Amino acid sequence: MEPDDAHGEGSPPRQSKVEKFSGLETLSEEPLNAQTASRKHLESYLTPREEHYVRSHHRTPDIDEREWTVSLRGLLGEDVDLSMDDIKHQYSTESVVHMMECSGNGRAYFSPDAEGDQWTYGAVGHAIWTGTPVREILDDYGAATDDGLWLTVMGGEAAADEDVFCRSIPMSKAVDDCLLAYEMNGTPMTPEHGYPVRLLVPGWFGNNSVKWVEEMRVMEKMVSGEEWESRDGRDYTNYQQSSYRILPAQDDEPDRHASVDTHSTYKQMQANDVQNAYLFDQLVKSLITSPDDESELTPTPDGYVEIAHV
Ligand SMILES: Nc1nc2c(c(=O)[nH]1)N[C@H]1C(S)=C(S)[C@@H](COP(=O)(O)O)O[C@H]1N2
Ligand SMILES: [Mo]
């Protein structure tokens, strides 16, 4: 126990950014965007918290979990505002090991240049995430969970003039293995990674794992339409319908869909019904961890070079 525990149980640990993320290279401070600084860090099976990338559109919110609630709304028996205590103690606890990758990882290598933070290879990490199965909470409040429905999950960090980070997850995925996670690698999550609670969507691109979850809504469609383009003056659709779509060079703005039947990112890219695939499950990629950018190549006598990859 730390001698100075005045900050209270369940509060995020107080540390400076540098100390907390010693293994990251910062791309921007506010909002914080930082990637793993060395390929070496990605060689181990688990990525330590201070080496796991951070990707945020807005400033990291200052939240006290004792005052935080997650509202459950939409197609369900009863509206409810869940406390963190409810989420942690009323349901079972599950852990999942997930390699999370930002869909923008590798963007710095694009030609022609892509806009946005210039991630090289470090926007990927492998961590154990622990939390409550979303399915149990939905069942508890009589939510409709039929295939074809969507669970729209909203981040609570956007200021009054910012777009809300909001993602719609196919219900079949939400009830299969999604968690409301509050621990990372067996320790309380840092504010930057989503404290006090984030959605964790195993096997899917990081953009689906909404941090600082404030509301979950069971809906017949993905977040779309005028109602959501301006809800209390803020746009909730941008990060589902405009960003996080695969954009061929010639395209300006992708078509917005109320629903899609195909959830595999790759299959959407192959099929014709959606022009610009939504970034859902992760596409196959591999990273060479050794030799690294600075290594001198020393081939064996018969001309081979040994490589390690993840
Ligand atoms: N509320 C909220 N959730 C968010 C984001 C965000 O900006 N706001 N960024 C998303 C993106 S694009 C990624 S890749 C992951 C990154 O999670 P991490 O910062 O814990 O690595 O969080 C996702 N969840
Ligand atoms: Mo991302």
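Residues numbered from 1 in each chain as written. Chains lettered and ligands numbered in written order. Predicted model: local features only at pLDDT ≥ 70, side-chain atom pairs only at ≥ 80, totals over all residues. Heavy atoms only, no water.

Asker: Explain the overall build of the protein here, please?
Answerer: Scanning the protein for helices and strands turns up 7 helices and 15 strands. For a compact globule of 310 residues, the expected C-alpha radius of gyration is about 19 Å, and the protein comes in at 20 Å, within 12% of that figure. Along the first, second and third principal axes, the C-alpha set of the protein runs to 70 × 60 × 35 Å. Of all 310 residues assigned to the protein, the portion counted as buried reaches 47%. Here the contacts in the protein between residues at least 6 apart in sequence split such that 64% fall between residues at least 24 apart. For the protein, the exposed surface amounts to about 15300 Å²; the carbon and sulfur share of it is 46%. In the protein, the 25 positive side-chain charges and the 59 negative ones have mean positions that sit 1 Å from each other. (Helix = DSSP H or I, 4+ residues; strand = E, 2+ residues; numbered from the N terminus. Rg over C-alpha atoms; globule rule 2.2 N^0.38 Å. Buried < 20%, exposed > 50% of the residue type's maximum accessible area, 1.4 Å probe, protein only. Contact = heavy atoms within 4.5 Å. Areas by Shrake-Rupley, 256 points an atom, 1.4 Å probe, with all protein chains shown as cover. Lys, Arg positive; Asp, Glu negative; His and termini not counted. Charge placed at Lys NZ, Arg CZ, Asp CG, Glu CD.)

Asker: How should I be thinking about a nonpolar patch on the surface in this particular structure?
Answerer: A cluster of nonpolar residues, Ile288, Leu297, Val305 and Ile307, forms a patch on the protein surface that exposes about 340 Å² of accessible area. Relative to the assigned elements, isoleucine 288 resides in strand 14 (residues 288-290). What makes isoleucine 288 partly exposed here is its relative accessible area of 37%. (Patch = residues over 30% accessible without salt bridge, like charges linked within 9 Å, V, L, I, M, F, W, Y side chains within 5 Å. Salt bridge = Lys/Arg side-chain N within 4 Å of Asp/Glu carboxyl O.)

Asker: Help me understand the UniProt feature "domain: Oxidoreductase molybdopterin-binding" (unreviewed entry) in the protein in this model?
Answerer: In the numbering adopted here, UniProt assigns the feature "domain: Oxidoreductase molybdopterin-binding" (unreviewed entry) to residues 57-223. Across residues 57-223, the secondary structure splits into 12% helix and 34% strand, with the terminal C-alpha atoms separated by 18 Å. (UniProt positions renumbered as here; feature names shortened; annotations may be inferred.)

Asker: Looking at this model, I keep getting lost on the site of ligand 1. Mind explaining?
Answerer: Neighbouring residues of ligand 1: 20 residues in total, closest Tyr53, Glu157, His193, Arg198 and Lys211. Measuring from an oxygen atom of ligand 1, one finds a backbone N or O atom of histidine 57 at 2.9 Å. Between ligand 1 and glutamate 157 there is a distance of 2.7 Å, counted from a nitrogen atom to a side-chain nitrogen or oxygen. Coverage of ligand 1 by the protein chains reaches 100% of its 530 Å² of free accessible surface. Among the residues forming the shell around ligand 1, the class breakdown is 8 nonpolar, 8 polar and 4 charged. (Near = heavy atom within 4 Å. Polar contact = N/O pair within 3.5 Å; in protein donor to acceptor, adjacent residues only side chain to side chain. Nonpolar A, V, L, I, M, F, W, Y, C, P; charged D, E, K, R; others polar.)

Asker: Would you take a moment to explain the packing of aromatic side chains for this structure?
Answerer: In this description, an aromatic ring pair is defined by two values, namely the gap between the centres and the angle between the planes. Inspection of every chain in the model, using the stated rule, returns 7 aromatic pairs. Residues tyrosine 278 and phenylalanine 280 carry aromatic rings whose centres are separated by 5.8 Å and whose planes lie at 20° to one another, so their mutual orientation is stacked. Here tyrosine 278 and phenylalanine 280 have matching classes, each one buried. Every member of this aromatic cluster is reached through a ring pair, and the members are Trp150, Trp204, Tyr278 and Phe280. Positioned above the aromatic ring of tyrosine 236 is the side chain of arginine 231, whose terminal nitrogen or guanidinium carbon lies 5.0 Å from the ring centre. (Phe/Tyr/Trp six-rings, centres within 6.5 Å; stacked < 30°, edge-to-face > 60°. Lys NZ or Arg CZ within 6 Å of the ring centre and 35° of its normal.)

Asker: When you look at the pattern of salt bridges in this model, what are you seeing that I'm missing?
Answerer: Opposite charge on two side chains allows them to pair when their charged atoms are near. One pass over the full model with this rule turns up 13 salt bridges. Put simply, glutamate 30 and arginine 59 hold a salt bridge, and the shortest N to O gap is 3.2 Å. One end of the pair, glutamate 30, is in the loop between strand 1 (24-28) and strand 2 (33-36); the other, arginine 59, is in the loop between strand 3 (54-55) and strand 4 (69-74), and 29 residues separate them in sequence. Under the relative-accessibility criterion, glutamate 30 is labelled partly exposed at 48%. The exposure class of arginine 59 is exposed, given its relative accessible area of 57%.

Asker: What am I meant to see in the pairing of strand 8 (residues 150-155) here?
Answerer: Across the 6 residues that make up strand 8, a large majority, 6, are buried. Burial along strand 8 is two-sided: the face carrying Trp150, Thr152 and Met154 and the face carrying Leu151, Val153 and Gly155 are both buried. Across 6 bridges, strand 8 lies against strand 13 (residues 213-219) in antiparallel orientation. What sits directly across from tryptophan 150, in strand 13, is methionine 219. (Pairing = 2+ DSSP bridges.)

Asker: So what exactly am I meant to see when it comes to the sheet that holds strand 13 here?
Answerer: For sheets, the rule is that strands pair by backbone hydrogen bonds, running either parallel or antiparallel. Spatially, 5 strands are ordered 5-4-13-8-9 in an open sheet, and the strand pairing comes out mixed. Each edge of the open sheet is held by one strand with a lone partner, namely strand 5 (80-83) and strand 9 (166-170). Between one strand and the next, the sheet's axes are offset by a mean angle of 20°, whatever the strand orientation. In the sheet, strand 4 pairs with strand 5 via 4 bridges, with the strands oriented antiparallel. Following the sheet pairing, valine 70 is matched in strand 5 by leucine 82. (Axes fitted to C-alpha atoms, helices over the stretch in contact; angles between N-to-C directions.)

Asker: Looking at this structure, how should I read unusual backbone geometry?
Answerer: The peptide bond linking tyrosine 195 to proline 196 adopts the cis configuration, its omega dihedral lying at 10°. Secondary-structure assignment places proline 196 in the loop between strand 11 (187-188) and strand 12 (198-200). Along the chain, serine 290 connects to proline 291 via a cis peptide bond; the corresponding omega equals 0°. Note that proline 291 resides in the loop between strand 14 and strand 15 (308-309). Residue asparagine 185 is not a glycine yet carries a positive backbone phi of 50°. Unlike most non-glycine residues, tryptophan 212 shows phi in positive territory, near 50°. Counting through the fold element by element, tryptophan 212 comes out in the loop between strand 12 and strand 13.

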